[in-house]
Amino acid sequence: MTTAVIDRIPIETEENYLNASYGVKSWLLTKDHKRIGILYLLAITVMFFVGGFFATMMRLELLTPQGDLMTSDTYNKFFTMHGIIMIFFFLIPSIPAVLGNFILPIMIGAKDLAFPKLNLLSWYIYMIGAIGGTYVVIAGGVDTGWTFYTPFSTQYSNTHVIATTLSAFITGFSSILTGLNFIVTIHRMRAPGLTWFRLPLFVWSMYATSVIMILATPVLAITLVLLIVERALRVGIFDPALGGDPLLYQHLFWFYSHPAVYIMVLPAMGVVSELVAAFSRKRIFGYKFVAFASLAIAFLGFLVWGHHMLVAGISVYSAMIFSILSFLVAIPSAIKVFNWTATLYKGSVSYDTPMLYALGFIGLFTIGGLTGLFLAALGLDVHVHDTYFIVAHFHYIMVGGAVMAYFGGIHYWWPKISGRMYPEWWGRLSALLVFVGFNLTFFPQFILGYLGMPRRYHAYVPEFQVLNVMSTAGASILAIGYAVPAIYMIWSLKYGKIAGNNPWGAAGLEWTTTSPPPAHNFDETPIVTWDAYEYRPPEEAAVVTVV
Amino acid sequence: MGQQYEASTLGMWVFLTTEILFFGGIFLAYTLYRNQYFEAFKEAAHHQDLWLGTINTAVLICSSLTMAMAVYFSQLGKRKALVTSLVLTLILGVVFVGIKGYEYYEHIHEGLFPGSLFHFQSPMADQIQLFFVFYFSMTGLHALHMIIGFGILIWLILRARKGDFSPEYYGPVEVTGLYWHFVDIVWIFLFPLLYLIH
């Protein structure tokens, strides 16, 4: 009782980034990376629930074999809008633009990113794109699939293709600017003594992600320009009837969109490295291997786009090469999984909410990654291509992987962001709901796909109903699992326990400053004389400090 | 200040890497069709005005020279010479885009603009249209980069007149120079691809 009273006494007389200035204008014109991170958080949360709405409607339609809730045209629009919103407006910016923006400069002991104005500009560009995407939703949607395959998208579809591709094009520039800002920041703004191999692994993974952002996104941009030109002028850059080559479109599109998978999952791996170390109270096993595995994934990620086209008519020889290269991606990915697991060994593991999400990530990512090998195998891919097997596979990577890690990261850094603790019991419950709901939703889809249920249809044969009902039931649990944190996070802003500087007892510069941090992050520039994840027993660490 | 200068130069180099990939995509597509429809692209290139293209190339190279001079004078802190070089760069840039605009006008007049305005009697009309799709897209994107450059130049001129730059602080001039030279180099590749190869 008494503690509760003490907790509510505002101790926030200290100046921090939240009370440094007030008013809408101080937020909309802010150059503080922490506030910009919050602006991103608000925007992508809205987009997450819009994309989630479309997923919910699809799962409801698929409850019964007949198409009874919506027409096939509406269904086409719903799965397209779900994909576009979730990928371009939620997953791509999720961890980099929210957690990366907020935490990365603090992690490296900097006052801000290298280009604070550019950072704000990137948010405005994102918002223009997101408003364009929302306009499309209201104006009647788009039905091409998130891949905008030609010539359907340019010659036949009578939905809002240009508005959608233009929005995706614009949003791309926000991620280019974020990537550019991170690269320069990591190169130039590290605190004295913070060498490359003392960096937290989250920083390494953000660096690898940024490289992909600046190299892959412009290719998507030019591809979408050509698509818009083709549709607007009715010419045939990618239309075989007018001399164009639809495979060229697919090559260019996947040259971005395959690396984009790693834009989503590399930051997630970075978050998981932080969480596993913090809640095992151990230095990450094989630090350098994990760090270089991020770069290896970024590099290999550029060489495997053809596996999206194995049955699209590319030559058998290039298909074989793309298949082998795709297998190679498994090596650095497995290095990470084994090293996280090895970190747990003999660690003092505690099961707080962020750790539950991290452990969930490791399991689900492993399943997602292994089924990726099935799809990279030429023979098996012919069988499961364009079925629910692939839908299940990439949801294991993107939802079971990226979204789980995003939620884990939000919980882990929430005390730093808000200065308050979220309710732990509710946190663990939601992590459990998400894990159970997710598996119930998507595991049956592996079986459905293997049995031959094609993706992107609003009706199916009655034999598949039992598995589809399971999937829809899982989706309902998943929806609750996502809604609960949204509620208690808002609740915790006012009623949460005061967190203190370092509620987890974690290593890392972000935990040495106050919660929430002051506008300039540190009162004095920190000088780093220790490695990342310094979790030795206090007496040992004390000896080092004296020396 | 030193850190800021290094950061902005590195930032521009990273941005130019992005730009290379951006133009790279369309160069790739061009190369593919150039090989596939060799005869048609050869035929289409005959409808280019080689003289105007050559003059424009010279104009643009001169603008790169004046831009390089601007960076040099900013390092020396010669304000008047800096402003003059920047203004010359801007004028040459505008001349370039003006000539380009005239070429566009002629092409549209001849019915070479792709889409509903395209009127070309040939069995290879579709393929020739494809050449002009690339011609207008590539030079159009290039011109757009020039026009963005004009905005930056005007901003630099206004700042230089106020005496904002000195031998200790000339980062914005140098970074703009990098950008301007890049846009120049893109044209150096476009010119042979679209005008010279027959």
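Residues numbered from 1 in each chain as written. Chains lettered and ligands numbered in written order. Predicted model: local features only at pLDDT ≥ 70, side-chain atom pairs only at ≥ 80, totals over all residues. Heavy atoms only, no water.

## Thoughts on the overall build of chain A
(1) Moving on: When helices and strands are counted, chain A shows 17 helices and 0 strands.
(2) Moving on: A globule of 547 residues ought to have a C-alpha radius of gyration of about 24 Å, and chain A, at 23 Å, matches this closely.
(3) Moving on: Dimensions of chain A, computed from C-alpha atoms along their principal axes, come out at roughly 75 × 45 × 45 Å.
(4) Moving on: By residue count, 59% of the 547 residues in chain A fall in the buried class. (Helix = DSSP H or I, 4+ residues; strand = E, 2+ residues; numbered from the N terminus. Rg over C-alpha atoms; globule rule 2.2 N^0.38 Å. Buried < 20%, exposed > 50% of the residue type's maximum accessible area, 1.4 Å probe, protein only.)

## Brief notes about the overall build of chain B
(1) Moving on: Looking only at helices and strands, chain B has 6 helices and 0 strands in total.
(2) Moving on: Seen through its principal axes, chain B has C-alpha atoms that stretch 65 × 30 × 25 Å.
(3) Moving on: For chain B, the residues scored as buried account for 53% of the 198 residues in total.
(4) Moving on: For chain B, the share of sequence-separated contacts (at least 6 apart) that also reach a separation of at least 24 residues comes to 81%.
(5) Moving on: For chain B, the exposed area adds up to about 9,200 Å²; of that, 69% sits on carbon and sulfur atoms.
(6) Moving on: The average position of the 9 basic charges and that of the 13 acidic charges among the side chains of chain B differ by 14 Å. (Contact = heavy atoms within 4.5 Å. Areas by Shrake-Rupley, 256 points an atom, 1.4 Å probe, with all protein chains shown as cover. Lys, Arg positive; Asp, Glu negative; His and termini not counted. Charge placed at Lys NZ, Arg CZ, Asp CG, Glu CD.)

## Some points on the packing of aromatic side chains
The description of an aromatic ring pair uses the distance of the two centres, along with the angle that the planes make with each other.
Residues and elements named next belong to chain A.
(1) Moving on: Using the criterion set out here, one finds 73 aromatic pairs over all chains in the structure.
(2) Moving on: Note on Phe48 and Phe407: the rings are 6.3 Å apart at their centroids and 55° apart in plane angle, and the pair reads as tilted. Of this pair, Phe48 sits in helix α3 (residues 33-61) while Phe407 sits in helix α14 (residues 388-418); the two residues are 359 residues apart in sequence, bridging distant segments of the chain. Note on accessibility: Phe48 and Phe407 belong to one class, buried.
(3) Moving on: Positioned above the aromatic ring of Trp27 is the side chain of Arg35, whose terminal nitrogen or guanidinium carbon lies 4.3 Å from the ring centre.
(4) Moving on: It is Lys288 that lies over the ring of Phe197; its NZ or CZ is 4.3 Å from the centre. (Phe/Tyr/Trp six-rings, centres within 6.5 Å; stacked < 30°, edge-to-face > 60°. Lys NZ or Arg CZ within 6 Å of the ring centre and 35° of its normal.)

## Quick look at the nonpolar core
Residues and elements named next belong to chain A.
(1) Moving on: Among the nonpolar cores identified, the biggest contains 246 residues, and Phe88, Ile237, Phe361 and Tyr406 are the most heavily contacted of them.
(2) Moving on: Sorting elements by how many residues they give to this core places helix α9 (residues 246-280) first, with 23 residues.
(3) Moving on: Among all residues touching Tyr406, those that are not within four sequence positions of it are Leu41, Ile44, Phe90, Ser94, Ile95, Val98 and Leu99. (Core = buried A, V, L, I, M, F, W, Y, C linked by side-chain atoms within 4.5 Å.)

## Looking at a nonpolar patch on the surface
Residue and element names in this part refer to chain A.
(1) Moving on: There is a patch of nonpolar side chains on the surface, built from Leu60, Leu63, Leu69 and Val469 and spanning about 290 Å² of accessible area.
(2) Moving on: Relative to the assigned elements, Leu60 resides in helix α3.
(3) Moving on: With relative accessibility at 40%, the residue Leu60 sits in the partly exposed group. (Patch = residues over 30% accessible without salt bridge, like charges linked within 9 Å, V, L, I, M, F, W, Y side chains within 5 Å. Salt bridge = Lys/Arg side-chain N within 4 Å of Asp/Glu carboxyl O.)

## Considering the pattern of salt bridges
(1) Moving on: Within this structure, the stated rule accounts for 8 salt bridges over all chains.
(2) Moving on: Salt-bridge contacts for Arg428 of chain A lead to Glu424 of chain A; the nearest nitrogen and oxygen are separated by 2.9 Å. Of this pair, Arg428 of chain A and Glu424 of chain A both sit in helix α15 (residues 424-451), 4 residues apart, which is roughly one turn of the helix.
(3) Moving on: With relative accessibility at 21%, the residue Glu424 of chain A sits in the partly exposed group.
(4) Moving on: The residue Arg159 of chain B makes a salt bridge to Asp164 of chain B at a minimum N-O spacing of 3.0 Å.
(5) Moving on: Exposure remark for Arg159 of chain B: the relative accessible area of 17% places this residue in the buried category.
(6) Moving on: Salt bridges sharing partners connect three or more residues here, namely Asp352, Glu424 and Arg428 of chain A.

## Here we look at the interface of chain B and chain A
(1) Moving on: Taken together, the contact pairs 30 residues of chain B with 29 residues of chain A.
(2) Moving on: Scanning the region where chain B abuts chain A turns up 1 salt bridge.
(3) Moving on: Taking the shortest distance from any N to any O, the salt bridge between Glu6 of chain B and Arg188 of chain A comes out at 3.0 Å.
(4) Moving on: Where the side of chain B that touches chain A is concerned, the elements lending two or more residues are α1 (2-36) and α5 (125-162) of chain B.
(5) Moving on: Sort the elements by how many residues they give to the side of chain B that touches chain A and α1 of chain B lands first, with 18 residues.

## Here we look at the packing of helix α11 (residues 316-344) of chain A against helix α12 (residues 353-376) of chain A
All names here are of chain A.
(1) Moving on: Relative to each other, α11 and α12 sit at 155°, their axes nearing to 10 Å. On the basis of their axis angle, the class for α11 and α12 is roughly antiparallel. The crossing of α11 and α12 is left-handed. Of α12, the residues touching α11 (which contributes Ser323, Ser326, Phe327, Ala330, Ser333, Val337, Trp340 and Leu344) are Met355, Leu359, Phe361, Ile362, Phe365, Thr366, Leu373 and Ala376.
(2) Moving on: Classifying every residue of the contact of α11 with α12 gives 12 nonpolar, 4 polar and no charged. (Axes fitted to C-alpha atoms, helices over the stretch in contact; angles between N-to-C directions. Parallel < 35°, antiparallel > 145°, perpendicular 65-115°, else oblique. Left-handed = near helix turned anticlockwise from the far one by under 90°. Nonpolar A, V, L, I, M, F, W, Y, C, P; charged D, E, K, R; others polar.)

## Regarding unusual backbone geometry
Residue and element names in this part refer to chain A.
(1) Moving on: Cis geometry marks the peptide bond from Thr150 to Pro151, where omega comes out at -5°.
(2) Moving on: By secondary structure assignment, the location of Pro151 is in the loop between α5 (116-139) and α6 (152-156).
(3) Moving on: Of note, the amide linkage connecting Ser515 to Pro516 takes the cis form, showing an omega dihedral of -15°.
(4) Moving on: Position of Pro516 among the secondary structure elements: in the loop between α16 (465-495) and α17 (538-546).
(5) Moving on: With a phi close to 50°, Arg281 is a non-glycine residue in the positive phi region.
(6) Moving on: With respect to the helices and strands, Arg281 occurs in the loop between α9 and α10 (287-300).
(7) Moving on: Classification of Arg281 by relative accessible area gives partly exposed; the value is 30%.
(8) Moving on: Here Tyr533, not a glycine, exhibits a phi torsion of approximately 55°, which is positive.
(9) Moving on: With respect to the helices, strands and loops of the structure, Tyr533 is situated in the loop between α16 and α17.

## Structural notes on the packing of helix α4 (residues 72-107) of chain A against α9 of chain A
All names here are of chain A.
(1) Moving on: Following both chains from N to C, one finds α4 and α9 inclined at 40°, their axes separated by 10 Å at the closest point. Compared by their axis directions, α4 and α9 come out oblique. The two elements α4 and α9 cross, and the hand of that crossing is left-handed. Contacts from Ile87, Phe88, Leu91, Ile92, Ile95, Pro96, Leu99 and Met107 of α4 reach α9 at Tyr256, Ala260, Ile263, Met264, Pro267, Ala268, Val271 and Glu274.
(2) Moving on: Class assignment of the residues belonging to the contact of α4 with α9 gives a composition of 15 nonpolar, no polar and 1 charged.

## Some thoughts on the side chain of Asn468 of chain A
Residues and elements named next belong to chain A.
(1) Moving on: Note on placement: Asn468 falls in helix α16.
(2) Moving on: One polar contact links the side chain of Asn468 to the main-chain carbonyl oxygen of Phe464, over a distance of 3.2 Å.
(3) Moving on: In this view, Asn468 contacts Arg59, Leu62, Leu448, Met453 and Tyr460; residues no more than four positions away in its chain are not counted. (Polar contact = N/O pair within 3.5 Å; in protein donor to acceptor, adjacent residues only side chain to side chain.)

## A look at the environment of Glu6 of chain B
(1) Moving on: Mapped onto the elements of the fold, Glu6 of chain B is located in helix α1.
(2) Moving on: Separated by 173 residues in the primary sequence, Glu6 of chain B and Tyr179 of chain B place their C-alpha atoms 16 Å from one another.

## Some points on the environment of Ser350 of chain A
All names here are of chain A.
(1) Moving on: Relative to the helices and strands, Ser350 is located in the loop between α11 and α12.
(2) Moving on: Classification of Ser350 by relative accessible area gives partly exposed; the value is 27%.
(3) Moving on: Put simply, Ser350 and Gly83 are 267 residues apart on the chain and 36 Å apart in space, counted from C-alpha to C-alpha.
(4) Moving on: Beyond its immediate chain neighbours, meaning those up to four positions away, Ser350 contacts Phe279 and Met355.

## Let's talk about the confidence of the model for chain B
(1) Moving on: In the predicted model, chain B carries a mean pLDDT of 94, and the fraction of residues at 70 or more is 98%.
(2) Moving on: Here the predicted complex carries an ipTM of 0.94, next to a pTM of 0.94. (pLDDT = per-residue confidence, 0-100.)

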